[in-house]
Amino acid sequence: MKKIISSLLISAIMPVAVNATDAKEYVGYDRLDNIHKQIATGFTDLRKQVVKEPKGFIKYPYLIPAGFYSQLWDWDAFFMANHFISKGQPEYMKNWVLTFSQGIDDDGYVAGCMTSDGPRRAYSGKFAMKPFLSQGAYQYSKATGEWEWLRPIYKSLDNVLNYRRATQLDSVSGLYYWEIAMQSGADNNPALNYFKDDSRSFISVDATAFQYAEILSQAAIAEKLGMKDDAERLRAEAALIKANLNKICWNEQDGCYYNVDRDTREQYKRIGYSTFVPLVYRMASEENGRRMIEKYMLSEDHMKSPNGFRSLSKADVDYNNRNIIVPFSNWQGPVWGITSYIYSIGLHHYGFDNEVAWMADKVGSLMAKDLDEFGTMHETYHAETGEPLAPSNFKYRTDDGRIQGFVSWNLCMENILEGLLQNKWMLIDIEGMD
């Protein structure tokens, strides 16, 4: 049985684009290989720091971002659990789904953070959990071939989708919105309102893309469980969302997606991390995706910095590299491990693997330097200088006294390098994506 599961896991993370031998054509191949070896070695130990034993409400071993965190978070753990799937340990994704599922209330509400005392409710609006729960269930089952475990919780997952339709679906456009930026996880994203006294609400390309993926994932689950009518209905819904996103949020003249003000119905012209999320799920046409990447992602005036891809366009009036963690993290310029991973998927889908290699060299080098100097990593890095930012003072320690920094979704850098060097791309593709 172990051999069968291992084979399924390998196939789940290897949608192809570049043959492993082709990786030697990348500029700096030897550098990438060395960075990968250093990171793979360092991550072997760091992975242990993100695993917590069950306690109280949380009944299964679970994943934390290390450092000062002890909670189970929504998208942090989703991306970490995908990394663990790639390492032959899919159980952490199943544990994540089951833990969040037991926190779903009768209305379909589920908090975005679980603690040993139970869900941490309403920390950022009416719907705290970001749209990843059905995606996580699908990714685990795709990797292992196990689907029946989802039958008892299928209705609960469906209720979560219904709750989001009731609270975050814009009825005019058929697209989704965040109440405030904090709800999105990109805490101070200038493409959204991020202070409570700013009452604007925006149809959001990232909220829409994540929900599109949730609905496609639920459709695939329904199909596997023999619920053909549900699967057909959900796929039709996803197709309409994709069409509406390209009709309403795509700006043909500028060649990119924009969020849309729900009051004025005008596009809000800010370029940043969330602009590129639809590319993860191939929602843009081949022509439009490549055009957007070439015009903005690869432009030094916008996203491309000397040390990786920025989280906000350099041309934006709010662009900065301040070291911000409290009251919220800084998505207004610094290089992030998670944005690097998200960008890498879009770049890969649209045929820019050499640019993925460039980014992996830059950001991987920053992480490798961290491992050399501190034995751990930072959450963000200065886009212009490469200086490590948050956390600025390593005041937390492991049980044996070592510095404890930020680990979390930084682990996905190893997967980017494995994609380039070994053709083991850790994508989050879903059945039904065009």
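Fair warning: this is a prediction, and the values are worked out from it, not measured in the lab. (Residues numbered from 1 in each chain as written. Predicted model: local features only at pLDDT ≥ 70, side-chain atom pairs only at ≥ 80, totals over all residues. Heavy atoms only, no water.)

### Points about the pairing of strand 7 (residues 175–178)
In strand 7, alternate side chains face the same way, and those of Leu175 and Tyr177 on one face and Tyr176 and Trp178 on the other are all buried. Connecting the antiparallel pair strand 6 (residues 169–170) and strand 7 is a turn made up of four residues, with glycine 174 showing a positive phi of about 75 degrees. In this structure, strand 7 lies alongside strand 8 (residues 202–203), joined through two bridges in antiparallel fashion. Pairing of tryptophan 178 across the sheet is with phenylalanine 202, part of strand 8. (Buried < 20%, exposed > 50% of the residue type's maximum accessible area, 1.4 Å probe, protein only. Helix = DSSP H or I, 4+ residues; strand = E, 2+ residues; numbered from the N terminus. Pairing = 2+ DSSP bridges.)

### As for the packing of aromatic side chains
Scanning all chains against the criterion turns up 26 aromatic pairs. Geometrically, the ring pair formed by phenylalanine 202 and tyrosine 268 is stacked, given 4.6 Å between the ring centres and 20 degrees between the ring planes. Remark: tyrosine 268 occurs in strand 12 (residues 267–268) and phenylalanine 202 occurs in strand 8; sequence separation between them is 66 residues. Against the face of tryptophan 358 rests lysine 304, its NZ or CZ located 4.5 Å from the ring centre. (Phe/Tyr/Trp six-rings, centres within 6.5 Å; stacked < 30°, edge-to-face > 60°. Lys NZ or Arg CZ within 6 Å of the ring centre and 35° of its normal.)

### Focus on the environment of cysteine 113
With respect to the secondary-structure elements, cysteine 113 resides in strand 4 (residues 113–115). Residues cysteine 113 and leucine 72, 41 residues apart in the sequence, show an inter-C-alpha distance of 5.7 Å.

### A word on the nonpolar core
With 139 residues, the main nonpolar core has Phe79, Trp96 and Tyr281 as its most contacted residues. For this core, the element with the highest residue contribution is helix 8 (residues 205–224), accounting for twelve residues. The contact partners of tryptophan 96, leaving out residues within four places of it in the chain, are Leu72, Trp73, Asp74, Ala77, Phe78, Met129, Phe132, Leu133 and Gly136. (Core = buried A, V, L, I, M, F, W, Y, C linked by side-chain atoms within 4.5 Å. Contact = heavy atoms within 4.5 Å.)

### Remarks on the side chain of threonine 99
Mapped onto the elements, threonine 99 comes out in helix 4 (residues 91–101). Excluding its chain neighbours within four sequence positions, the residues that come into contact with threonine 99 are Phe57, Ile58, Tyr60, Leu72 and Met114.

### Brief notes about the sheet that holds strand 12
If you walk across this open sheet you meet the five strands as 6-7-8-11-12, and the pairing is antiparallel. Where the open sheet ends on each side, the last strands, each with one partner, are strand 6 and strand 12. Of the strands in this sheet, strand 7, strand 8 and strand 11 (259–261) touch helix 8, which is tilted by about 125 degrees from strand 7. Its contacts with the sheet put helix 9 (residues 228–248) on strand 7, strand 11 and strand 12, and the angle it makes with strand 7 is roughly 70 degrees. (Axes fitted to C-alpha atoms, helices over the stretch in contact; angles between N-to-C directions.)

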